Amino acid sequence: VRPWPARALCLLLTPLVCGLACLLVYCVNWLLDKLLRRLGLYSRRTNKPLQSFVSIALVTLLAALLVRDESGWLRSLGIFWLGLVGLNLGAELLERIA
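Residues numbered from 1 in each chain as written. Predicted model: local features only at pLDDT ≥ 70, side-chain atom pairs only at ≥ 80, totals over all residues. Heavy atoms only, no water.

1. Observations regarding the overall build of the chain
Keep this limit in mind: Secondary structure elements follow DSSP: runs of H or I of four or more residues count as helices, runs of E of two or more count as strands, with numbering from the N terminus. Computation of the radius of gyration draws on C-alpha atoms alone. For the globule rule, the value is 2.2 Å times the number of residues to the power 0.38. Burial classification: accessible surface area is computed with a 1.4 Å probe over protein chains only, and a residue below 20% of its type maximum counts as buried, one above 50% as exposed, and the rest as partly exposed. By the convention used here, residues are in contact when the closest approach between their heavy atoms is within 4.5 Å. In these tables, accessible area is a Shrake-Rupley quantity obtained with a 1.4 Å probe, and a residue counts as shielded only by the protein chains included in the view. Working convention for charge: Lys and Arg count positive, Asp and Glu count negative, and His plus the chain ends are omitted. The location of each charge is read from NZ of Lys, CZ of Arg, CG of Asp or CD of Glu.
The helix and strand tally for the chain stands at 3 helices and 0 strands. For the chain, the N- to C-terminal ordering of α and β elements is α-α-α. Since a compact globule built from 98 residues should have a radius of gyration of about 13 Å, the 19 Å found for the chain marks it as more spread out than a globular shape. Judged by the C-alpha coordinates and their principal axes, the chain covers about 60 × 35 × 15 Å. The buried share among the 98 residues of the chain stands at 11%. Within the chain, residue pairs in contact and separated by at least 24 positions form 14% of the contacts whose partners lie at least 6 positions apart. Of the roughly 8400 Å² of accessible surface on the chain, 72% is carried by carbon and sulfur atoms. Distance between charge centres in the chain, computed from 11 positive and 5 negative side chains, equals 10 Å.

2. A few points about the pattern of salt bridges
Rule in force here: Counted as salt bridges are all cases of a side-chain nitrogen of Lys or Arg within 4 Å of a carboxyl oxygen of Asp or Glu.
Considering all chains together, one arrives at 2 salt bridges under this definition. A salt bridge links Arg37 to Asp33, with the shortest nitrogen-to-oxygen separation between them at 3.0 Å. Placement of the pair is Arg37 and Asp33 together in helix H1 (residues 4-39), with a separation of 4 residues, close to one helical turn.

3. Topic: the packing of aromatic side chains
As a reminder of what qualifies: When two rings of Phe, Tyr or Trp (its six-membered ring) have centres within 6.5 Å they constitute a pair, described as stacked for plane angles under 30 degrees, edge-to-face for angles over 60, and tilted for the intermediate range. Charges are assigned to positions over rings by a cutoff of 6 Å between ring centre and Lys NZ or Arg CZ, combined with an angular limit of 35 degrees from the ring normal.
Across all of its chains, the model carries 0 aromatic pairs by this definition. The aromatic ring of Trp4 is capped on one face by Arg7, whose charged end is 4.6 Å from the ring centroid.

Spatial relationships are all this shows, so hold off on functional conclusions.
If you want it as structure tokens, here you go:
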């Protein structure tokens with residue numbers, strides 16, 4: 001149990017730190033996009049598909065870590081997310097075949 005000033009500080013700092021982490025992810029994504037364009041490996045007009053791939057990959061990595069958790073509901077949340085990603089990949093594959 002923390003005193004009220006420490007709780008208020010955590011309450012104010014948490015959104016700030018999360019926002020800065022998101023900006024850092026976007027910056028890394030921008031640098032990756034720039035590098036891939038320079039190497040000729042990425043030629044789309046926008047980096048939205050790359051940004052979507054990076055975001056989904058990070059969340060899937062987190063879900064894979066949750067699958068190893070001892071808590072039942074966190075494990076089921078990770079399994080659920082990985083199942084959804086698998087269904088999405090299967091649907092993409094079927095769409096490309098058709």
